[in-house]
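In case you want the letters, here they are:
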Amino acid sequence: MKTYQLDLRHAPSKNRLNALDNNRLPPLRLRIKDDETAIAWAKDEAEQFAGRNRGVNFTYIEAALTELLPIGAAGDDDYRRIGRWVKNREGLNWRPTPRKAKA
């Protein structure tokens, strides 16, 4: 089982996401077997959050999914970014994190 963390944020637009105070919910953590199941869980949480919240400050919603790694498992990093669900005027879309090329 792997541990995943989901960070939900909201704003009137992507450009305002980092400029707003108090737009980040406490992170959600869950132990799940694999990335595909975690991505589905993150989508469900993003849809529920978007369904409960309306108004100008919820026009853009971002649900960033991260796998938390055991200490020392990946060198200096203690997490692996999977991607994020983004809800905007075009709907809910998955945006995977690009994989780093190995040197």
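Small disclaimer: the values here were computed from a predicted structure and weren't measured.

Q: Explain the pairing of strand 5 (residues 91-96) to me, and be specific about the residues and the numbers.
A: Both strand 4 (residues 79-88) and strand 5 contribute to a ladder of 6 bridges, which runs antiparallel. Bridge pairing in strand 5 places V86 opposite N93. Where strand 4 hands over to strand 5, the hairpin turn is made up of 2 residues, counted between the paired strands.

Q: Would you mind going over the pattern of salt bridges in detail, with residue names and values included?
A: Scanning the entire structure with this criterion turns up 4 salt bridges. Put simply, R84 and E62 hold a salt bridge, and the shortest N to O gap is 3.1 Å. Of this pair, R84 sits in strand 4 while E62 sits in strand 3 (residues 60-68); the two residues are 22 residues apart in sequence, bridging distant segments of the chain. Residues R80 and E67 are paired through a salt bridge, measuring 2.6 Å at the closest nitrogen-oxygen approach. Of the two residues, R80 is situated in strand 4 and E67 in strand 3; the sequence distance between them amounts to 13 residues. The network of salt bridges with common partners includes R9, E62 and R84.

Analysis parameters
Along each chain, residues carry numbers from 1 onward, in the same order as the chain's sequence is written. Only residues with pLDDT of 70 or above have their local features reported here, since the model is predicted, and side-chain atom pairs are shown and tallied only from 80 upward, although totals for entire chains, interfaces and linings are computed over all residues. With hydrogens and water stripped out, all remaining heavy atoms of the structure feed into the side-chain values. Whether two strands pair comes down to DSSP finding at least two bridges between them. Note on conventions: DSSP H or I runs of at least 4 residues are helices, E runs of at least 2 residues are strands, and numbering of each starts at the N terminus. Basic side-chain nitrogens of Lys or Arg form a salt bridge, by our definition, when they fall within 4 Å of a carboxyl oxygen of Asp or Glu.

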